Amino acid sequence: MSEDKYHAALDAAAKQLSYRALSTAMLRQKLLDKGHDEQAADYALAWLSERGLLSDAAYAEAVVRSYAHRGYGAQRIRQELTARGLDRDTAAAALEGFAPDRALLLKLLDKRLKGDTSDRKQVDKAVAFLQRRGFSWGQIKEALTAYAQDGAPE
């Protein structure tokens, strides 16, 4: 009987992972929400981790790639990693070597400014937009300078 609860938790965990990738913390919470006890949930997580089917490091790297591709900066990505239950070290390792795509940053600026950098209010709005997306002031300043010099990206 007690072995059944471990198999049930493992089956539920594998089913969740078949839908989409999850962090260990997210998967654990889903198992607990579905009524599995903590021991069974921990057993399932350990079993999957030992076999390389559940990896927070791989999950974090996938999240970084996804958010970078969608035009987010390091600060916003770090915030998203934390919200998904990943610890600081895992998030830092995934973000190591991350650099925002300059062409994408210029594209985001162009979407907001439409080639006109003379309207200070619109520039301020574009800067605030990029800050909310997690870009640092240095990155934004560099992109603004490049945008003002080179114009809209092709």
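All of the points below concern the structure found in this document. These numbers were taken from a predicted model, which means no experiment stands behind them.

1. Points about unusual backbone geometry
For Lys 114, which is not glycine, the phi dihedral falls at a positive 50 degrees. Mapped onto the fold, Lys 114 is located in the loop between α7 (102-113) and α8 (120-132).

2. Focus on α7
Along its twelve residues, α7 runs 16 Å from first to last C-alpha, staying within 8% of the 16 Å computed at 1.5 Å per residue. Burial in α7 covers these residues: Leu 104, Leu 105, Leu 106, Leu 108, Leu 109 and Leu 113. At its buried positions, α7 is contacted by α4 (56-69), α8 and α9 (137-150). At the C-terminal side of α7, Lys 114 shows a positive phi close to 50 degrees.

3. Topic: the packing of α4 against helix α5 (residues 74-83)
In the contact formed by α4 and α5, the axes pass within 10 Å of each other and the chain directions differ by 140 degrees. For the element pair α4 / α5, the angle class is oblique. Where α4 crosses over α5, the two elements pack in a sense that is right-handed. Contacts between α4 and α5 involve Ala 60, Val 63, Val 64, Tyr 67 and Ala 68 from the first element and Ile 77, Glu 80 and Leu 81 from the second.

4. Some remarks on the environment of Lys 30
With respect to the helices, strands and loops of the structure, Lys 30 is situated in helix α2 (residues 24-33). The contact partners of Lys 30, leaving out residues within four places of it in the chain, are Gln 16, Arg 20 and Leu 22.

5. Here we look at helix α6 (residues 88-95)
Each turn of an α-helix holds 3.6 residues, which means side chains three or four residues apart point in the same direction. Of the positions making up α6, those classed as buried are Thr 90, Ala 91, Ala 94 and Leu 95. All buried residues of α6 fall inside an arc of 125 degrees around its axis, so they share one side. Facing away from the buried surface of α6 by more than 90 degrees, the exposed residues are Arg 88 and Asp 89. The N-terminus of α6 is capped by Asp 87, whose side-chain oxygen sits 3.0 Å from the backbone nitrogen of Asp 89. The first or second residue beyond α6 is Gly 97, which carries a positive phi of 80 degrees.

The rules behind these values
- Residues numbered from 1 in each chain as written.
- Predicted model: local features only at pLDDT ≥ 70, side-chain atom pairs only at ≥ 80, totals over all residues.
- Heavy atoms only, no water.
- Helix = DSSP H or I, 4+ residues; strand = E, 2+ residues; numbered from the N terminus.
- Expected span 1.5 Å × (residues − 1).
- Buried < 20%, exposed > 50% of the residue type's maximum accessible area, 1.4 Å probe, protein only.
- Contact = heavy atoms within 4.5 Å.
- Axes fitted to C-alpha atoms, helices over the stretch in contact; angles between N-to-C directions.
- Parallel < 35°, antiparallel > 145°, perpendicular 65-115°, else oblique.
- Left-handed = near helix turned anticlockwise from the far one by under 90°.
- Arc of directions from axis to C-beta.
- Polar contact = N/O pair within 3.5 Å; in protein donor to acceptor, adjacent residues only side chain to side chain.

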